[in-house]
Amino acid sequence: VRLCRCRCRALLSRSAGVLRALRGLAAGPEMHFGFQTVTEAERREKIYQVFESVAKKYDVMNDSMTLGIHRVWKDILMHKMNPSPGTLLLDVAGGTGDVAFRFINYVRSVRERQLQRKLKHHQNLSWQEIFDSYQKDKFNSLGDSQVVVCDINREMLKVGKQKAQHLGYCEGLSWVLGNAEELPFDDDKFDVYTIAFGIRNVTRIDLALQEAYRVLKPGGRFLCLEFSHVSNPLLSRLYDLYSFQVIPVLGEVIAGDWKSYQYLVESIRRFPPQEELKAMIEDAGFFRVDYENLNFGIVAIHSGFKL
């Protein structure tokens, strides 16, 4: 009887082990969530919860964490893109609208300069003709440009829509709930794909890059703005001290959320360095891939083209 019990316990133990293994396979391979090791499914869920938690304070925390410099980095991204009227942009993980609003402002300013140059070259236009030209431009200030903001998190999209309404952005702007790893768009659709401070939170970066390549038109451009690895050793130590000792405290004081901002810091340290990410972008099929370090590599802008 005792032998039978032992055999039964051993069999049950092995069965439990098999079930745990099967559950692990179903959940996906082990991955990093900050400095924790989790399954793919757990990482996806935890990241969703992080951004659901921080959505309402996201802009305030960005200003606090970067001392407002994130605004300059996004301006540089836009100037690097240099969109012209008629450009169709997909901004992924851009729920709060920062890149989208800059895109609209940039294209509007280009259109305004085009109109001014046009009027200067036609000095003999009457007042009525000048007035009509401005009225026409007023109703088509983007020159058929459009930006589609795609984000996996409903709360982030909600915040972005509220900001757009408050700031008066409506023309040429749409919001789509979607996963960067499985975009809900046709092939060869967009002129430019941007992802700013979002790719490190994607569960499978390789799949996100493949999707970026798929939805871009031939000749289309991929642009990624992301925290990266600091090249200066002294600055790197100071940056680590600030990141791990100050940012989580700011998260607790401003957003009441220490853990989410602790994860955001850890996720930056786990993110691939510049050369490694460049190789991943090339593996996805992009050509002329390069990157530009900003502030000694605190962030980097990666660029590539679909040819």
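Residues numbered from 1 in each chain as written. Predicted model: local features only at pLDDT ≥ 70, side-chain atom pairs only at ≥ 80, totals over all residues. Heavy atoms only, no water.

Explain the overall build of the protein chain to me, using residue names and the numbers behind them.
Tallying secondary structure elements over the protein chain gives 12 helices and 9 strands in all. A burial count over the protein chain gives 45% of its 307 residues as buried. By sequence separation, contacts in the protein chain at least 24 residues apart represent 74% of the contacts at least 6 residues apart. Accessible surface, the protein chain: about 16,400 Å² in total, of which carbon and sulfur atoms supply 55%. (Helix = DSSP H or I, 4+ residues; strand = E, 2+ residues; numbered from the N terminus. Buried < 20%, exposed > 50% of the residue type's maximum accessible area, 1.4 Å probe, protein only. Contact = heavy atoms within 4.5 Å. Areas by Shrake-Rupley, 256 points an atom, 1.4 Å probe, with all protein chains shown as cover.)

Could you give an account of unusual backbone geometry, with specific residues and numbers?
Even without glycine at this site, L67 takes up a positive phi of about 55 degrees. Considering the arrangement of structural elements, one finds L67 in the loop between α3 (58-66) and α4 (69-81). A positive phi angle, close to 50 degrees, is found at D188, a residue other than glycine.

Could you give an account of the packing of helix α10 (residues 247-255) against helix α11 (residues 258-270), with specific residues and numbers?
At a minimum axis separation of 8 Å, α10 and α11 run at an interaxial angle of 145 degrees. α10 and α11 meet at a crossing whose hand is right-handed. Residue-level inspection shows I247, P248, V249, G251, E252 and A255 of α10 in contact with α11, the latter providing W258, Y261, Q262 and V265. Across the contact of α10 with α11, the residue classes break down as 7 nonpolar, 2 polar and 1 charged. (Axes fitted to C-alpha atoms, helices over the stretch in contact; angles between N-to-C directions. Left-handed = near helix turned anticlockwise from the far one by under 90°. Nonpolar A, V, L, I, M, F, W, Y, C, P; charged D, E, K, R; others polar.)

So what's going on with the confidence of the model for the protein chain? Residues and values would help.
Per-residue confidence for the protein chain gives a mean pLDDT of 83, with 81% of residues at or over 70. Note that pLDDT drops below 50 for residues 1-27; the model gives that stretch 3 contacts with residues more than four away or on any other chain. (pLDDT = per-residue confidence, 0-100.)

Before we move on, could you go through the pairing of strand β6 (residues 190-196) and cite the residues and values that matter?
When you tally the buried positions in β6, you get 6 out of 7 residues, the bulk of the element. The pairing of β6 with strand β7 (residues 216-227) spans 6 bridges and is classified as parallel. Bridge assignment links F190 to a residue of β7, and that residue is L216. Viewed along the sheet, the connection from β6 through helix α8 (residues 205-215) into β7 turns out right-handed. (Pairing = 2+ DSSP bridges. Right-handed = clockwise from strand over helix to strand, strands pointing away.)

Explain the packing of helix α9 (residues 233-245) against α11 to me, and be specific about the residues and the numbers.
Between α9 and α11, whose axes approach to 9 Å, the crossing angle comes to 150 degrees. On the basis of their axis angle, the class for α9 and α11 is roughly antiparallel. Across from Y239, D240, S243 and F244 in α9, the residues of α11 making contact are Q262, V265, E266, I268 and R269. Along the lines of polarity and charge, the residues of the contact of α9 with α11 split into 4 nonpolar, 2 polar and 3 charged. (Parallel < 35°, antiparallel > 145°, perpendicular 65-115°, else oblique.)

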